[in-house]
Each structure stands twice: as C-alpha cells, then as structure tokens.
Amino acid sequence: MDEMEEELKCPVCGTFYREPIILPCSHNICLACARNILVQTPDAESPQSSRASGSGVSDYDYLDLDKMSLYSEADSGYGSYGGFVSTPTTPCQKSPNGVRVFPPAVPQPPPPQHLLAQPGSLPPIPRNSCITCPQCHRSLILDDRGLRGFPKNRVLEGVVDRYQQSKAAALKCQLCEKSPKEATVMCEQCDVFYCDPCRLRCHPPRGPLAKHRLVPPAQGRISRRASPRKISTCTEHELENLSMYCVQCKTPVCYQCLEEGKHGTHEVKALGAMWKLHKGQLSQALNGLSDRATEAKEFLVQLRNMVQHIQENGVEFEACLVAQCDALIDALNRRKAQLLARVNKEHEHKLKVVRDQISHCTVKLRQTTGLMEYCMEVIKENDPSGFLQISDALIRRVHMTEGQWGKGTLTPRMTSDFDLTLDSGPLLQTIHQLDFVQMKVPAAPMLQLEECCTQNNSATLSWKQPPLSTITVDGYILELDDGNGGPFREVYVGSETICTVDGLHFNSTYKSRVKAFNASGVGQYSKTLIMQTSETGLPPCDIQSIGTVAWFTFDPASAHPDIILSNDNLTVTCNSYDDRVVMGNSAFSRGVHYWEMTIDRYDNHPDPAFGVARGDVLKDVMLGKDDKAWAMYVDNNRSWFMHNNSHTNRTDGGIAKGATIGVLLDFTRGILIFLINDEQQGPVAFESLEGAYYPAISINRNVQVTLHTGLPIPDFYTPGEADPTGSVC
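Fair warning: this is a prediction, and the values are worked out from it, not measured in the lab.

The rules behind the values
Residues numbered from 1 in each chain as written. Predicted model: local features only at pLDDT ≥ 70, side-chain atom pairs only at ≥ 80, totals over all residues. Heavy atoms only, no water. Helix = DSSP H or I, 4+ residues; strand = E, 2+ residues; numbered from the N terminus. Buried < 20%, exposed > 50% of the residue type's maximum accessible area, 1.4 Å probe, protein only. Areas by Shrake-Rupley, 256 points an atom, 1.4 Å probe, with all protein chains shown as cover. Core = buried A, V, L, I, M, F, W, Y, C linked by side-chain atoms within 4.5 Å. Patch = residues over 30% accessible without salt bridge, like charges linked within 9 Å, V, L, I, M, F, W, Y side chains within 5 Å. Salt bridge = Lys/Arg side-chain N within 4 Å of Asp/Glu carboxyl O. Pairing = 2+ DSSP bridges. Phe/Tyr/Trp six-rings, centres within 6.5 Å; stacked < 30°, edge-to-face > 60°. Lys NZ or Arg CZ within 6 Å of the ring centre and 35° of its normal. Lys, Arg positive; Asp, Glu negative; His and termini not counted. Polar contact = N/O pair within 3.5 Å; in protein donor to acceptor, adjacent residues only side chain to side chain. Axes fitted to C-alpha atoms, helices over the stretch in contact; angles between N-to-C directions. Disulfide = S-S within 2.5 Å.

### Description of the overall build of the chain
Within the chain, the secondary structure is distributed over 10 helices and 36 strands. Looking at the chain as a whole, 35% of its 729 residues qualify as buried. For the chain, the accessible surface area stands at approximately 43700 Å², while carbon and sulfur atoms represent 54% of it.

Now the structure itself:
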C-alpha cells in the first residue's frame, strides 16, 4: 500500500487530505487549502476584460485553458475561467509536491454584519472569488454557495482514514494536548480514544458516562471500520439525502433537485444501481490496468535481468579484450625478440669480418716489417759480390710484397653502420586504427505476418530485423520448399525486406523461411511460415474433381509492344495487321483450370489463336508457330489445332462478334480442350502436358477480346480417361 500514499496527499499542502472536496475537473483538494488559494477578481473587471487588457500580465496568464459556460445546464452552478489578473499581482508558489499553487487573495474590507458567518458555518466567500486547480490549472468562478457548491469526497476521506489507521504503529490518545500518549481504551458511544489520565479526567465512570461501553483500542479500530457508512446529503439541499443519479450531469441528486432544480428534465437512475454499475466498470477497467501492471512488472524483471546480463557480458567482454591485447603484446614481444636476434647476428657478422681483416693485416704487416728490417740490414753489408748474389731475389720479394698491399687491401671490408631500419609506421597506424568491428552474425529475422499474403500462384513475404538489434546486416536469403514437402531452395538473395515469388503451383502449401547474413557469416532461420496458394471456394476433397478457381489478367510486361490493353488488363486488341502474342500474368502447373474469352470485335474474318504457352514463347508470330505454344486458331467457319507449326484436327464451326472461346487445362490428365459457345470444339486438342503454362492468345488489329477468369469448369466435364475417339467421358 506504500505506492498509494501519493494518491492520498493534497497537491497544495502535501499532507493527507482533510475534508477533501471534488473540483469539476475531478481533482481533489483539502477544504482548508481551497480557501487558502482562492483569488478575488476585481468587481469592475470581468474575466474577459481582464484578459483583454493586455497590461499587468501575471503568472496566472498561463492558465488560459478550456472555458466552460458559467451557468450551463450541465454544470453545478460554477464555471471555468481561463486567465485573469489579480490586483495586485502576486507571484505563484509551489506546494510540497511541486505543483504551482496560488496565494490567498489580498485581504478585503470586512463584510457587513448581516453577512458574517454564523457559528459552526464556513465564513462567507467574497464576491467574484476564483479557484484554480493546482493540478490541471483549470480556473473556476465560485457562485453564491462558495466552496459549499463542491461535493465532499467522502470515499477518499474514508480511504485516507483507513490508510492512516493501518500505518499507525499504536493508537494515540485524542485528548492529550502536547505529546499524545498511547491510548488504552476507546468509548464506542463517544468514538474517542483515551489514555488512562485523560479517561479519568474527561470520561469518569459515573453519571451518564457510566453506561458508555469502553473497549480496547484495537477492538475500537475494528468497530470504527465496521460502522455504517455516512449518508451523503445534497450540496444544494442540505436536509435531503442523495438518492438518485443524474446521467446527463454525472452527479448524485436528491428528490428536491428533480422537482425544483435543473435536473428535472434529465435522465435519472437509482443511486444504488448506478453505484453497482460504476463499481463494475471500475473493476473491469482495473482488470485491464492490472494486466498492464503485470506486464510492467515482468518488463522490470526483464530489465533487471538485462542489467545482470550486461554486467556479466561486460566483465566477459573486458576479459576478452584484455586477453586479445595481451596476445598482441605477446606477438609484438616475440617479433621484438626475432628482430633483436637479427640485429645481434648482423653485429656478430660485422665484428667477425673486421676481426678477420685485422688478423690478416697484422700477419702481413709483421711479414712486411720483417722483410723491411732484413733488407735494411742487407744494405748495410759492404761485400758487393755477396750483396749482388741476393739483391735480385730481395728486390723481387719487396715488389711482390708491395703488390700484396695492392688496391683494396687497405680498405675495410665492412662498414660500422647497421643498414637496418625498422618500418614501424604501418604497425603504429594499425594500432591507432584498432577498433571494434562487427564479429557477430545477424539475429533471425521476424516475418511480418500482417504483410505476408498469397494471390493465385504468387506469394508475397515481408520480414524485418528484431527490435533493438544493432548487428549490421548485408542481406537476406529467402527459401521456399517445392510445395510438396520437399527440400528448401533459395528463391531470393538481396538486401530488400519484401519479396514476391511468382510461378508457384496452385493448390499447394509452401513453407518459407528467411535468414540474414553479414561479413561474419549467416544467421539463424526465422520461424517457418506456411502459405496456401490459389484460393478456392470448395472443400479440398473437391479440388481435383471440380477444378481450381483462379483469377488472372493479361500481362502487359510480357506482351508484344503492338498489344493494346484496357479494362484493368482484361481487354486486349492490337495496332498491327500481323499476329501478336500476349500472355496471362499467372502460370499453371497443377489442378484443373478453365477460363473464357468473349469476342468484342471481329472484322474482316481474321483467325485469332487461343491456348497456352511457355514463358519464352515467340511474341511476333501466331500462337502455335513455335514449339513453346499449344493453341487453336479459328476463323468465321472452322478451326485448327497448332503446335510447332503443325496444323491438325480441322473442325467446322467458327466465331463471330459476341462468341465465347473456352480453354480447359487439366493437369490431372495432362490435356488441353477448347470450347466455342459452351460446346467442345473438336477432340482433346493436346495431351501429355507437364510443367508450367501461361494462358496466351495471338490477335491482330481486326479483333478485340475480353478475358473472364475465376470460372468453374463446365458441367459436362468430369476428370476421367479419354475414350479412343478423343472425346471426354
């Protein structure tokens, strides 16, 4: 019940309601608070003139809301008044609940003695007093009754009393002056709780008080709750009880109101009946509100679970991120070790080369120095013949040794610089660009059932991503089965969220599903949707024996450019003398189908052709000239069947203006039959028909034809075996 507490507090004083009254806007306010926020308007100014003055605009001007007639039939003698100026202007205040309220009016001179309030009654309300609802800010002009014109909300008062009693930890004495002591008894006759000192002082057990019944406080609380409800009296006729309910004014009234007041011509009902009716309506409304509250509680549980999941996922994701970054750091450290090894290898190689060159040069220098010292000593000898004996050999050795110090010998074989430069720029750029990317596959799409439908042998499907899904979707894959419980196959791949699939089998039940994909992969399938093609007005057991009722029109998209269509693509003619082909917009592959065409215009005895064709039939020749069409062409005297330019079964009987051509396609037997004016024209025209076929005709400018579809098959035809003569059994 703690949530209800705010409903029981006055919007002005912020405490529990005390003597609440009901304003016409259905809001409540304490009677004392209502007197505190009364504002008196100047006698010389009406509300309209005050608003129109345009000067001295105060904070009250924002209350320019709905107006009601001051004394209309539907109100109770008070009206609403939007916008006024108090004199002098006084700023608005705020109640403890944060609602804007208005201060009391400026004190007025005391009224005449005869208008002074009698003892026990409310003080008189000044003329032109106005009260503004602190919640909806609707302003109301009070009539001569003042605040007594507003009904008291006894129900709210009772609810507040029960709520306070239920929240009270202990019943207190009602007669203690300062700090009330805990009550010890309650007098049922006085309806007062007493502590022991106050009971002895104010309720002594003698005289008339001796007969009063004193009970424990808890029992007194129960008896107080169980006391009969007070009978409400009329606000206009204080001595009359409210016994009827005015339906038009939506307020309880008394008999005197019906006899003398404005409610005499209004519809009234018994107060008890309307009480029960409105209680039932409130209970019914509460059921709906209770359902919403239950849903809100479940939603809050879901949100709290989401908070827990977010926290868990956040910890998990953070750990994953740390692990990934640590892995990058480990990889960088490993690469660092590899690069350092290369640097050390290069370092050792340079040192070895230089040290080898030092060693080699040292040995050669020692040999050269030794040779030089030996030669110097030889030069010092004074024996010419001895010198000449070795001089030539020494000279050759000196030249040979000098040659060994030739070009490049005194050049370092290795530089001291390291010719290695670490290219860290791309890695730094990659690190700076390191960010989160979409790594999750899309969620399963949701099929929008209200937009999915079938028409004839076409199916339209629509889907969308689940709400709150933030995963990027690159496209969708739509799959259908074969209409016979077979495997699924892809029929659409793309980014659109709606697709129409044509050329399906009639009388077939298809299963469809869709899934989304992105760079990370393919997501889960949606729920499977089951669709039925080709509406029929017959039970399923009669479809094979009676036929499939299908509606279609001529297809302008596949027609030859010389074809002229009208009448919602049901009427066709041509602007060429040559035969031109037009097909229907639906293909048939199962069931039994029948359609007719009436000849609207027939000039100069042309020979139009009627039949069925594949989707890739030639459009600029007579129907039946190629192997993609099966047709009957007819003039004013006779007809022929034609397929792949082969003419067969010439039959007498032609057409004229007003004639009707019928085409019957039976896939249960794989045959095609033609009719003229409801009579079969010749034998069975074609047999062994399998696959998908479009209705088709070829005409020239001398013929105009109107198509009729959605027809049952003729009465004479019953699916069965063909007899040897070719007629239908």
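Text resumes after the structure shown.
### Concerning the nonpolar core
Counting residues in each nonpolar core, the largest one holds 38 residues, and the members touching the most others are Trp595, Leu665, Leu672, Ile697 and Val705. With four residues, the single largest contributor to this core is strand E27 (residues 592-602). In terms of nonpolar packing, the next biggest core, distinct from the first, is built from 25 residues, Cys10, Ile29, Ile131 and Leu140 among them.

### Brief notes about a nonpolar patch on the surface
Among the surface-exposed residues, Phe299, Leu300, Leu303, Met306 and Ile310 lie close enough to one another that they form a single nonpolar patch of about 440 Å² accessible area. The topology assignment puts Ile310 in helix H7 (residues 271-379). Taking the relative accessible area as the measure of exposure, Ile310 reaches 56% and is therefore exposed.

### Focus on the sheet that holds strand E10 (residues 192-194)
Ordered by their spatial adjacency, three strands build an open sheet running E10-E9-E11, and the pairing between neighbours is antiparallel. A strand with exactly one partner marks an edge of an open sheet, and here the two such strands are E10 and strand E11 (214-215). Here strand E9 (residues 185-187) runs beside E10; their pairing, made up of three bridges, is antiparallel. Within the sheet, the bridge partner assigned to Cys187 lies in E10 and is Val192.

### A few points about the pattern of salt bridges
Tallying each qualifying case throughout the model produces 13 salt bridges. One salt bridge connects Arg513 with Glu479, and the closest N-O pair in it is separated by 3.0 Å. Here Arg513 is found in strand E21 (residues 509-518), whereas its partner Glu479 is found in strand E18 (residues 475-480), with 34 residues between them in sequence. In this structure, Arg513 and Glu479 share a single accessibility class: buried. Close ionic contact of Arg601 with Asp603 constitutes a salt bridge, the shortest N to O distance being 3.5 Å. What makes Arg601 partly exposed here is its relative accessible area of 27%. Sharing partners across several salt bridges, the network here consists of Glu479, Arg513 and Lys515.

### Structural notes on the pairing of strand E28 (residues 609-613)
In summary, the side chains of a regular strand alternate between the two faces of the sheet. Burial within E28 is extensive, with five of its five residues counted as buried. The alternating pattern of E28 places Ala609, Gly611 and Ala613 on one face and Phe610 and Val612 on the opposite face, and all of these are buried. The pairing of E28 with strand E35 (residues 694-699) spans five bridges and is antiparallel. The residue bridging Val612 from the neighbouring strand is Pro695, located in E35.

### Here's the deal with unusual backbone geometry
It is generally the case that most residues other than glycine have a negative phi and that most peptide bonds are trans. Phi at Asp191 takes a positive value of approximately 60°, unusual for a residue other than glycine. Mapped onto the secondary structure, Asp191 falls in the loop between E9 and E10. Look at Asp191 and you get partly exposed, because its relative accessible area is 38%. Its identity is not glycine, yet Asn644 carries a phi of approximately 55°, on the positive side. On the secondary structure map, Asn644 appears in the loop between strand E30 (638-643) and strand E31 (646-652). Classification of Asn644 by relative accessible area gives partly exposed; the value is 45%.

### Considerations on the packing of aromatic side chains
Scanning the entire structure with this criterion turns up 12 aromatic pairs. Arranged with centres 5.8 Å apart and planes meeting at 85°, the rings of Phe552 and Trp595 form a pair that is edge-to-face. Taken as a pair, Phe552 in the loop between helix H10 (543-546) and strand E24 (563-566) and Trp595 in strand E27 lie far apart in primary sequence, 43 residues in all. Accessibility assignment for this pair places Phe552 and Trp595 in one class, buried. Where Phe588 meets Trp595, the ring centres are 5.7 Å apart and the plane angle is 40°; that geometry is what we call tilted. By the ring-pair criterion, three or more aromatic residues cluster together here, those being Phe506, Phe552, Phe588 and Trp595. The ring of Phe16 is capped by Lys9, whose NZ or CZ atom sits 5.9 Å from the centre of that ring. Between the NZ or CZ atom of Arg513 and the centre of the ring of Phe488, over which it lies, the distance is 3.9 Å.

### As for the side chain of Asp666
Along the chain, Asp666 falls in strand E32 (residues 660-666). Although Asp666 lies buried, it forms no salt bridge, and the closest oppositely charged side chain, Arg669, sits 4.6 Å away as judged by the N-O distance. At a separation of 2.3 Å, a polar atom in the side chain of Asp666 contacts the side chain of Thr668.

### Here we look at the sheet that holds strand E12 (residues 244-246)
Reading across the sheet, the three strands line up as E13-E12-E14 and stay open at both edges, with antiparallel pairing between neighbours. Of all the strands in the sheet, the pair left with one neighbour each is strand E13 (251-253) and strand E14 (268-270). Ignoring strand direction, the axes of neighbouring strands in this sheet form an average angle of 40°. Here E12 runs beside E13; their pairing, made up of three bridges, is antiparallel. Looking at E13, one finds that Met244 is bridged to Val253.

### Some details on the pairing of E31
Sheet topology places E30 next to E31; five bridges connect them, and they run antiparallel. By the bridge assignment, Ser639 is partnered in E31 with Thr651. From the end of E30 to the start of E31, which pair antiparallel, there are two residues, and Asn644 there has a positive phi angle of about 55°.

### Comments concerning the state of the cysteines
Tallying each qualifying case throughout the model produces zero disulfides. Here Cys13 stays free of any disulfide, with the sulfur of Cys33 as its closest cysteine sulfur at 3.7 Å. Among the residues examined, Cys13 registers a relative accessible area of 22% and is labelled partly exposed.

These figures capture arrangement, not role.
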